[in-house]
Amino acid sequence: MVQKVSVSVIMGIYNTSDLQILQRAVDSICEQTYTEWECIICDDGSSDDTYKLLLSLTGQDKRFRIIRNKENLGLAAALNHCLKYVRGRYIARMDADDGCAPNRLERQVQFLDENEDYQIVGTSAGLFDEDGRWGHREMPEMPGKRDFLWGSPYIHPSIMIRKDALLAVHGYRVAKETRRTEDYDLFMRLYEKGYQGYNLQEELYEFREDKKARKRKKYCYRIDEAKVRWKGFHLLGLMPGGFLYVLKPLIVGLIPYPVLVWLRGDAQKKLRT
């Protein structure tokens, strides 16, 4: 009997051979209350035992398909490779070091089934590191074009998207400047085509973010982000008014790191009051 598939979960992975971390991600997919899913995982040219570990973890579970890139091509290329194999009408993202609530897929499928005007649905997320939970991230409920000025209004690995919409923009754009901003670039291209999204104000995703080991983003990546902003803001009709926001990652990169940490902490305190 052929398994019915409505949701295809796609994941790119590179040198993540920590058994405990991978087990958590795989288990959180297997424990979903929604059962009509498949999971395609692309090992993006790992140089460690990631590929073998993935095969051993998923075993004989035919709901998983493990594919492989011969060399490391980046997340955008890995996810596009996954798209060649998807069978579901909805595509959900997931990262290999994260987790999600058991009803995540169920709630997102329900939303897209009941709201045909929306093509993307994301969620809020709990933030955790090796010491456990330390924070919460909530995104705008109904992101509009101007929400892209500050940054991406979606938590990338939390989203579910209609396959037809993702294929209509030819998936992720593989380019030097999208190495760390493939999601930001994708969402702006989707909005340029008239597609809309929504964020469930429910904490359905568990996002790993190590607050202790967080390092300053390399300045070359900030330059790449500025290029993505420049192109995306033009597509969305946000220029020339959005020019200062194009410069945001470059300006932030010049702020001394201790000052930046203090500013972030102060901003978080204000949000809580």
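First things first, this report covers the structure right here in the doc. (Residues numbered from 1 in each chain as written. Predicted model: local features only at pLDDT ≥ 70, side-chain atom pairs only at ≥ 80, totals over all residues. Heavy atoms only, no water.)

### Considering the packing of helix α1 (residues 19–30) against helix α2 (residues 50–58)
Now for step 1: Interhelical geometry of α1 versus α2 gives an angle of 45 degrees and a closest axis separation of 11 Å. In this view, α1 runs oblique relative to α2, as classed from their interaxial angle. Crossing angle aside, the handedness with which α1 passes α2 is right-handed. When α1 is examined against α2, the residues Leu19, Leu22 and Gln23 are found in contact with a partner set consisting of Leu53, Leu54 and Leu57.
Now for step 2: Here the contact of α1 with α2 is built from residues that sort into 5 nonpolar, 1 polar and no charged. (Axes fitted to C-alpha atoms, helices over the stretch in contact; angles between N-to-C directions. Helix = DSSP H or I, 4+ residues; strand = E, 2+ residues; numbered from the N terminus. Parallel < 35°, antiparallel > 145°, perpendicular 65-115°, else oblique. Left-handed = near helix turned anticlockwise from the far one by under 90°. Contact = heavy atoms within 4.5 Å. Nonpolar A, V, L, I, M, F, W, Y, C, P; charged D, E, K, R; others polar.)

### Re a nonpolar patch on the surface
Now for step 1: On the surface, a cluster of nonpolar side chains totalling about 590 Å² of accessible area is made up of Trp150, Trp230, Phe243, Leu244 and Tyr245.
Now for step 2: Here the nonpolar patch takes 3 residues from helix α8 (residues 243–246), the largest share from any one element.
Now for step 3: Within the secondary structure layout, Phe243 lies in helix α8. (Patch = residues over 30% accessible without salt bridge, like charges linked within 9 Å, V, L, I, M, F, W, Y side chains within 5 Å. Areas by Shrake-Rupley, 256 points an atom, 1.4 Å probe, with all protein chains shown as cover. Salt bridge = Lys/Arg side-chain N within 4 Å of Asp/Glu carboxyl O.)

### Considerations on the packing of aromatic side chains
Now for step 1: Under the criterion given, the structure shown has 8 aromatic pairs.
Now for step 2: An angle of 75 degrees between the planes, with centres 5.5 Å apart, marks the rings of Trp37 and Phe64 as edge-to-face. With Trp37 in strand β2 (residues 37–44) and Phe64 in strand β3 (residues 64–69), the pair connects residues that are 27 residues apart, well separated along the chain. Taken individually, Trp37 and Phe64 each receive the classification buried, so the pair is uniform in this respect.
Now for step 3: Residues Phe148 and Tyr191 carry aromatic rings whose centres are separated by 4.9 Å and whose planes lie at 70 degrees to one another, so their mutual orientation is edge-to-face. Of this pair, Phe148 sits in the loop between β7 (132–137) and β8 (160–162) while Tyr191 is found in helix α6 (residues 182–192), placing the two residues 43 residues apart along the sequence. Tyr191 matches Phe148 in its accessibility class, with the two residues each being buried.
Now for step 4: An aromatic cluster is built from Phe111, Tyr118 and Tyr198, whose rings are joined through pairwise contacts.
Now for step 5: Sitting over the ring of Tyr51, Arg68 keeps its end group 4.0 Å from the ring centre.
Now for step 6: Residue placement shows Lys248 over the ring face of Trp150; its charged tip is 4.7 Å from the ring centre. (Phe/Tyr/Trp six-rings, centres within 6.5 Å; stacked < 30°, edge-to-face > 60°. Buried < 20%, exposed > 50% of the residue type's maximum accessible area, 1.4 Å probe, protein only. Lys NZ or Arg CZ within 6 Å of the ring centre and 35° of its normal.)

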